[in-house]
Amino acid sequence: MLRGIFYAEFDNTVGPKITFQAPDGYLSPQSFEQISGYVITGPKLSHEVVTLNACGKRIVCYPIRIENSKYYRNALIFNIGFVFDPETPTNNYILTLCKLASTIETLEHEVEFLSTAKTKAMLKCVFPTILSKLNSPPYECQLRIHPTNALSLKVCPEIGGVIPDVKAHQVPIQVVDIQTHVNSLWDLTLQQVIPFIDGSRYVRRIAEDAQVDVKLVIQSLRQLLYYGYIKMLDIFQFSNLYTSTPALRKLQTNAGLQAQCVHYVSNGTVRKAPDDDDAAAAAAKEDTARILGKVDGDDDAKDNWRVDEHGDDDLKKRRRDGGSKKQQKEQKQQVASSGVLSPYGNIKYEEREVLLSSSNVITPTISGIFRLYARLHQGEPIGKFCKEYNPFASGVDVRRLVVFGQIHGFVRRVRRYPLLIKSNPKKTLTTLDRMFNGTRSFDEISVALQVSFQTIISRVRSHEECVILLR
């Protein structure tokens, strides 16, 4: 049970203090003095969940530091905290706390909610309502704390496990049909984000297309991930490296999993007539060349696979402009009317089911699929793998093949991490160069800086002592 809520801040005159709390006086000044160093924190703990067991209570808080020259000391430092009994499990309250704190932070950015005494004082009235609502069935609270912003909070049942992290370069994949579970009481941000979870958009792209702050998108996806609606995978590119894992054995023995796999990875290739074998082979070869972008020779040197279909300049322009209002409206209407999308596909789920039910469609064999999985190894990009084994001709969608394997644990992505060992002192290090520290993958760098795989690999090769770590 949630016992109390507080808002603490760094006052320029008296230092750290609790400004508002519900119930009033629940945390005494003496108790707060003992923990103030963990509530009003330094910049390293900003936007991190901090849990304390002190003063006979368990305190979970979310410190936030907004740096701006308009503030005294160039920063606004505050914290929203939940207070519990010392033995109370708190995992299912963390997302609720983060959302409450982030909403208040957003209001400060937009309308100076905390900088204005009149609006900040609204928290004194809001906290008792939140406390009462979150402690009573159905354990949810919906209220308007500002004319421009509504707050929707819910405490979901404790189901165990650690709340997973979500990165801006990851791709959410639906493992259940979320649309059948959505209702009008769901969080508005969730409802705005869900139509864009199509299996191909990565998190930052979803934020741009849905016109939602990327931090709010990440929080929404963490909720869906925590309750098993989605899985988070890497961006699929034909330059990626994949390898099979020992868990592949379960595909060999589990008949139910085999049936799911065959159905999921089928690409809907239409069976050719017996006398059209040469035409079928030519068509399969043409499809392979088209999908791989007709890349020959040195794949890395000629790699044009991007995290997006647009070039670097177009990416930056689209990110800056956000597209015209007409384009944005058309895009939202298209997404809203598209139904449930097949991962990486441009057809509706229902249309795909009809297509696969046709007797003229090639159904891949489980033995053939198993051999494809077994042939994956980390030294070969998936593009070369496709040119060598041509899974398209046997009715296998290679993207779905990889996605299904990753979801069930018998395929693992091998990521590239550039490490600049020693730089040329005559060269000025760019922002891209500084990210070559061995801890950031190509995907993370590509999405963070909005540059292509080709740009990264070319920059790596421009340094004499820069290596790529695979792990």
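Further up the page is the structure itself.
Being a predicted model, the structure only gives us computed values, none of them experimental.

Topic: the packing of helix H9 (residues 255-265) against helix H14 (residues 366-375)
In a packed pair of helices, the relevant descriptors are the angle between the two axes and the axis-to-axis distance. Here H9 crosses H14 at 80°, and the two axes come no closer than 10 Å. One way to sum up the angle between H9 and H14 is to call them roughly perpendicular. Together, Gln258, Cys261, Val262 and Val265 of H9 and Ile366, Ile369 and Tyr373 of H14 make up the contact between the two elements. Here the contact of H9 with H14 is composed, by residue class, of six nonpolar, one polar and no charged.

Thoughts on the nonpolar core
Core analysis: the biggest nonpolar cluster contains 40 residues, and Phe127 and Ile130 have the highest contact counts within it. Going through the elements one at a time, strand E1 (2-11), strand E2 (15-22), strand E4 (57-67), strand E5 (75-84), helix H2 (91-111), helix H4 (122-134), strand E6 (140-146) and strand E7 (149-154) are the ones with two or more residues in this core. Excluding residues within four positions of it along the chain, Ile130 makes contact with Ile5, Leu100, Cys141, Leu143, Leu151 and Leu153.

Overview of the pairing of E2
A regular strand places its side chains on the two faces of the sheet in alternate fashion. Relative to E2, E1 runs antiparallel, the two being bridged by seven bridges. The residue of E2 that forms the bridge with Ile5 is Ala22. Hairpin remark: E1 followed by E2, antiparallel, with three residues in the connecting loop.

A look at unusual backbone geometry
With the exception of glycine, the majority of residues adopt a negative phi angle, and the majority of peptide bonds are in the trans configuration. Following Ala22, the chain continues to Pro23 via a peptide bond in cis, the omega torsion being -5°. Note that Pro23 resides in the loop between E2 and helix H1 (29-39). In the segment running from Pro137 into Pro138, the intervening peptide bond is cis, with an omega of 5°. Of note, the phi angle at His47 is positive, near 60°, even though the residue is not glycine.

Some thoughts on the packing of H9 against helix H16 (residues 398-408)
Contact pair H9 / H16: the axes reach a minimum separation of 9 Å and the direction vectors enclose 145°. Between H9 and H16 lies a crossing of right-handed hand. Only Arg400, Leu401, Val403, Phe404 and His408 of H16 make contact with H9, whose side of the interface consists of Leu257, Gln260, Cys261, Tyr264 and Val265. A class-by-class count of the residues in the contact of H9 with H16 yields seven nonpolar, two polar and one charged.

Comments concerning a nonpolar patch on the surface
Among the surface-exposed residues, Ile421, Val467 and Leu469 lie close enough to one another that they form a single nonpolar patch of about 220 Å² accessible area. Structurally, the position occupied by Ile421 is in strand E12 (residues 416-422). With relative accessibility at 54%, the residue Ile421 sits in the exposed group.

Re the pattern of salt bridges
Throughout the structure, instances matching the rule amount to 15 salt bridges. In this structure, Asp198 engages Arg201 in a salt bridge whose closest nitrogen and oxygen atoms are separated by 2.6 Å. Notably, a salt bridge pairs Arg415 with Asp234, separated by 3.0 Å at the nearest N-O pair. With a gap of 181 residues between them, Arg415 in the loop between strand E11 (411-414) and E12 and Asp234 in the loop between strand E9 (230-233) and strand E10 (241-244) connect regions that are remote in the sequence. Its relative accessible area of 28% is what places Arg415 among the partly exposed residues. Beyond isolated ion pairs, a larger network of salt bridges with shared partners links Asp198, Arg201, Arg205 and Asp209.

Notes on H2
When the terminal C-alpha atoms of H2 are compared, their 31 Å separation across 21 residues agrees well with the 30 Å that a helix rising 1.5 Å per residue should span. In terms of burial, H2 is a largely internal element, 16 of the 21 residues being buried. A positive phi of about 55° marks Glu112, the residue just after H2.

Reading the values: the criteria
- Residues numbered from 1 in each chain as written.
- Predicted model: local features only at pLDDT ≥ 70, side-chain atom pairs only at ≥ 80, totals over all residues.
- Heavy atoms only, no water.
- Axes fitted to C-alpha atoms, helices over the stretch in contact; angles between N-to-C directions.
- Helix = DSSP H or I, 4+ residues; strand = E, 2+ residues; numbered from the N terminus.
- Parallel < 35°, antiparallel > 145°, perpendicular 65-115°, else oblique.
- Contact = heavy atoms within 4.5 Å.
- Nonpolar A, V, L, I, M, F, W, Y, C, P; charged D, E, K, R; others polar.
- Core = buried A, V, L, I, M, F, W, Y, C linked by side-chain atoms within 4.5 Å.
- Buried < 20%, exposed > 50% of the residue type's maximum accessible area, 1.4 Å probe, protein only.
- Pairing = 2+ DSSP bridges.
- Left-handed = near helix turned anticlockwise from the far one by under 90°.
- Patch = residues over 30% accessible without salt bridge, like charges linked within 9 Å, V, L, I, M, F, W, Y side chains within 5 Å.
- Areas by Shrake-Rupley, 256 points an atom, 1.4 Å probe, with all protein chains shown as cover.
- Salt bridge = Lys/Arg side-chain N within 4 Å of Asp/Glu carboxyl O.
- Expected span 1.5 Å × (residues − 1).

Don't take any of this as a statement about function, it's just geometry.
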